[in-house]
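Summary of structural features
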Amino acid sequence: MGSGYMNQPQAFDPLAASYDSTFTDTQIGRYLRGIVQSRLALHFTAGNHILELGCGTGEDALWLAGRGLHVTATDVSEGMLATARAKCAGHPSVQVQPLDLRRLDDTLLPDTFDGVFSNFGPMNCLSEWRTLAACLAQRVKAGGIVGLGVMSPYCVWEPLWHGLHGNWRTATRRWRKSTTFQPDAVSEPIEVTYPTIKCITDDFAPHFRRTFVRGLGVFLPPSDVYGAVEKRPQLLKALMGLERRFGSLSKLALFADHYWIEFERI
Ligand SMILES: C[S@@+](CC[C@H](N)C(=O)[O-])C[C@H]1O[C@@H](n2cnc3c(N)ncnc32)[C@H](O)[C@@H]1O
């Protein structure tokens, strides 16, 4: 499988080089990823073969490989794939390959997986999730878990922060049916949606049962505000404390930056 249809750089290509310093390696990014990894550790064990969708720089694939799992790590961005390949080079149990979630029919994947996950937003590049759910239903064994980290439509931080800074368009972007993401003038713009928990659950329902949901960043802010919060240690400590105490309440999940949702193959 190749990515020959992509003759324009993908939206995340120009972000690949700085992604780890601006997100992965921040205090807040590490804390939130740790929550997801503790969920992955609950379900996936050494020897399992896991499919990752939208792997970015390969941080989670590397972590899973370190725990003895086999990972097929996929992404649409050649820039992200190159970084993931370099990062996972010493781990033959990680296979990094292109996969565009919008063109699943074009793709060839191994037959079966013990589980699937997608962390921090790749699901938001789709406008419906039925096609993905049907595709995963063919490949996930009965009882297997699919875990998804999805940007939430009702994140409280975003309208507050950007509204207070007079940036109304950004403040309200998650309330629109979709928005466009294009970090520079040459890369292909991508359509970004903000599905509710119900919307994703309904689209997965023919093949999967929802088993768990929680917020990721209810009190902690979205990544464009990490810098402002991390340079105020007292504020960061207070927000971390709130996140630790109340962040896992499922009723708050829709108000977080992302929600983490898990399904079991039925
Ligand atoms: C915010 S990053 C998250 C990366 C990684 N999962 C992580 O935890 O850091 C979103 C990723 O989704 C990928 N992505 C966006 N649209 C996609 C698509 N249509 N198919 C596959 N991956 C896509 C991007 O290239 C990017 O690597």
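Calculation notes
Residues numbered from 1 in each chain as written. Predicted model: local features only at pLDDT ≥ 70, side-chain atom pairs only at ≥ 80, totals over all residues. Heavy atoms only, no water. Pairing = 2+ DSSP bridges. Helix = DSSP H or I, 4+ residues; strand = E, 2+ residues; numbered from the N terminus. Axes fitted to C-alpha atoms, helices over the stretch in contact; angles between N-to-C directions. Contact = heavy atoms within 4.5 Å. Near = heavy atom within 4 Å. Polar contact = N/O pair within 3.5 Å; in protein donor to acceptor, adjacent residues only side chain to side chain. Areas by Shrake-Rupley, 256 points an atom, 1.4 Å probe, with all protein chains shown as cover. Nonpolar A, V, L, I, M, F, W, Y, C, P; charged D, E, K, R; others polar. Parallel < 35°, antiparallel > 145°, perpendicular 65-115°, else oblique. Left-handed = near helix turned anticlockwise from the far one by under 90°.

Here the focus is the sheet that holds strand S5 (residues 140-151). In space, the 7 strands of this open sheet follow the order S3-S2-S1-S4-S5-S9-S8, with mixed pairing throughout. In the strand order of this sheet, the two ends are held by strand S3 (94-98) and strand S8 (208-216), each with one partner. Recorded for the sheet is a direction-independent mean angle of 15° between the axes of neighbouring strands. Bridging between strand S4 (residues 113-118) and S5 involves 5 bridges; their strand directions are parallel. By the bridge assignment, Phe117 is partnered in S5 with Gly147. Relative to S5, helix H5 (residues 130-139) is tilted by about 145°, and along the sheet it contacts strand S1 (49-53), S4, S5, S8 and strand S9 (258-265). The strands touched by helix H8 (residues 197-204) within the sheet are S5, S8 and S9, with S9 carrying the most contacts at an inclination of about 20°.

Around the ligand, the surrounding shell holds 20 residues, and the nearest of these are Tyr19, Arg33, Gly54, Asp75 and Asn119. Between a nitrogen atom of the ligand and a main-chain N or O atom of Gly54, the distance comes to 2.6 Å. In this structure, Arg102 approaches the ligand through a side-chain N or O atom, which is 3.3 Å from a nitrogen atom. When the free accessible area of the ligand is taken as 590 Å², the share hidden by the protein chains comes to 95%. Split by residue class, the shell around the ligand holds 10 nonpolar, 4 polar and 6 charged.

Let us now look at the side chain of His162. Residue placement: His162 occurs in helix H6 (residues 157-164). A distance of 3.1 Å separates a polar atom in the side chain of His162 from a polar atom in the side chain of Asp224.

With that settled, the discussion passes to the packing of helix H2 (residues 27-43) against helix H3 (residues 59-66). Between two packed helices, what matters for the description is the angle formed by their axes and the separation of those axes. Axis separation between H2 and H3 bottoms out at 11 Å; the angle between their running directions is 45°. Classed by the angle they form, the pair H2 and H3 counts as oblique. H3 is crossed by H2, and the crossing has right-handed handedness. Contact with H2, carried on its side by Arg30, Arg33, Gln37, Leu40 and Ala41, involves Glu59, Asp60, Trp63 and Leu64 of H3 and no other residues of that element. Its residues assigned to classes, the contact of H2 with H3 comprises 4 nonpolar, 1 polar and 4 charged.

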